[in-house]
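Given next are the chains, with one letter for each unit.
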Amino acid sequence: MTKSCTLGEAFIYNLARTVDNGSLAFHGFGSPLVQLALHLAKRTHAPDLVFVAGATYGLNPNPPFLTPTSNDWALDRGAECSLDIEELFDLAASGRMDRMFLSGLQIDRFGNANVTRLGSGDRPAVKLPGGGGGCNLSCDVGHFTLWTTAQRSPPPKAGKRTFRLVERCDFVTSLGHRAPDGRTRRELGHRGGGPDWLITELGCFDFDADGHLRLRATYPDVDVAEVIANTGFELRVADDVGITPLPDAEALAILRRLDPMGVHRKELRSADHERRFAIAAH
């Protein structure tokens, strides 16, 4: 007997797997996917996780369900206390924050991410929302998980193909393993260890000893060739690349109870809403 999970549920599950038990994590401001991943980790393999909610800075909140907006104080229900933003940055700067989550409209091979601008020169082609402190935190936090739900880059009808995983970011908002000039984090004097995972709608990636992105697993309906075709640089592939782990019945029950309205679906492309994967029922 089998049942199935959606891509979104599998995505959240793989985000959650990057969280270690006993760690201190921060999920940033707006992503339902990341919020759910931390709640899932706390309720399954990481009961001793301490996490700070991005909208309210509440510590270990326990909301009854995910609300349609991340700036809803219902999400702070059950929190043990709330931090000031200065305390949040102090935790990172003093080496006590173990993990956070970052995304970007561009992510390069070394895990640099751009949410500031597209285009070069003094007049950018597109102004983006900005990092909201992600630059500082990316330098100080122990490790961070990168994620994007838009790695797939369909060939354009006209003009140049645009990739989410790019050869070089137009602007570096958050620092990966190497700056654009080639200097490493250690050479720059930063405390944090940089990104160690990237989760996309095509697969799961880590970073090798050179700090270079490496494919580790694909979703069941994706092959390695498709991932390579949707990457804007020469991608490294692990020798033992496999299939991404999928959530079990317990994890699915938790996710569906926390997100009865399917709020996380708004972060997925409509074409990905129909992707489902069979999982063994226990």
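Analysis parameters
Residues numbered from 1 in each chain as written. Predicted model: local features only at pLDDT ≥ 70, side-chain atom pairs only at ≥ 80, totals over all residues. Heavy atoms only, no water. Buried < 20%, exposed > 50% of the residue type's maximum accessible area, 1.4 Å probe, protein only. Helix = DSSP H or I, 4+ residues; strand = E, 2+ residues; numbered from the N terminus. Pairing = 2+ DSSP bridges. Axes fitted to C-alpha atoms, helices over the stretch in contact; angles between N-to-C directions. Phe/Tyr/Trp six-rings, centres within 6.5 Å; stacked < 30°, edge-to-face > 60°. Salt bridge = Lys/Arg side-chain N within 4 Å of Asp/Glu carboxyl O.

**Q** Mind showing me how you'd approach the pairing of strand β9 (residues 143-148) here?
**A** Side-chain positions along a regular strand alternate between the two faces of the sheet. Buried residues dominate β9, accounting for five of its six residues. Inspection of the sheet shows strand β4 (residues 99-102) paired to β9 by four bridges, in the parallel sense. Bridge pairing links M100 to F144 in β9. Relative to strand β11 (residues 195-200), β9 is paired through five bridges, and the arrangement is parallel. If you follow F144 over to β11, its bridge partner there is P195.

**Q** I would appreciate a short explanation of the sheet that holds strand β2 (residues 24-26) in the present structure.
**A** The strands making up a sheet associate through hydrogen bonds between their backbones, and the pairing can be parallel or antiparallel. Here eight strands make up an open sheet; going across it, the order is β3-β2-β4-β9-β11-β12-β13-β14 and the pairing mixed. Either end of the sheet is taken by a strand with one partner, and the two such strands are β3 (50-52) and β14 (236-243). Between one strand axis and the next, the sheet turns through 20° on average, direction left out of account. In this structure, strand β13 (residues 213-218) lies alongside β14, joined through four bridges in parallel fashion. When the sheet's bridge partners are listed, T218 is paired in β14 with I243.

**Q** When you look at the packing of aromatic side chains in this model, what are you seeing that I'm missing?
**A** Each pair of aromatic rings is reported with the distance of its centres and the angle of its planes. For the structure shown, the criterion picks out three aromatic pairs. Arranged with centres 6.2 Å apart and planes meeting at 25°, the rings of F26 and Y57 form a pair that is stacked. Taken together, the positions of F26 in strand β2 and Y57 in the loop between β3 and α3 (85-93) put the pair 31 residues apart, joining distant regions of the chain. The exposure classification of F26 matches that of Y57, with both residues buried.

**Q** Explain the pattern of salt bridges to me, please; I cannot follow it from the model alone.
**A** The final tally for this structure, using the stated rule, is 13 salt bridges. For the salt bridge of E9 with R256, the shortest nitrogen-to-oxygen distance reads 2.7 Å. On the criterion of sequence distance, the pair formed by E9 in helix α1 (residues 7-16) and R256 in helix α7 (residues 249-258) is long-range, its members being 247 residues apart. Take E9: its relative accessible area is 6%, and that puts it in the buried class. Given the relative accessible area of 35%, R256 is considered partly exposed. E167 is the partner of R109 in a salt bridge, and the nearest nitrogen-oxygen pair spans 2.6 Å. Taken together, the residues R109 in the loop between β5 (106-108) and β6 (113-114) and E167 in the loop between β10 (165-166) and α5 (185-188) connect sequence positions 58 residues apart. Among the residues examined, R109 registers a relative accessible area of 17% and is labelled buried. For E167, a relative accessible area of 47% corresponds to the partly exposed category.

The analysis is restricted to geometry; functional conclusions fall outside its scope.
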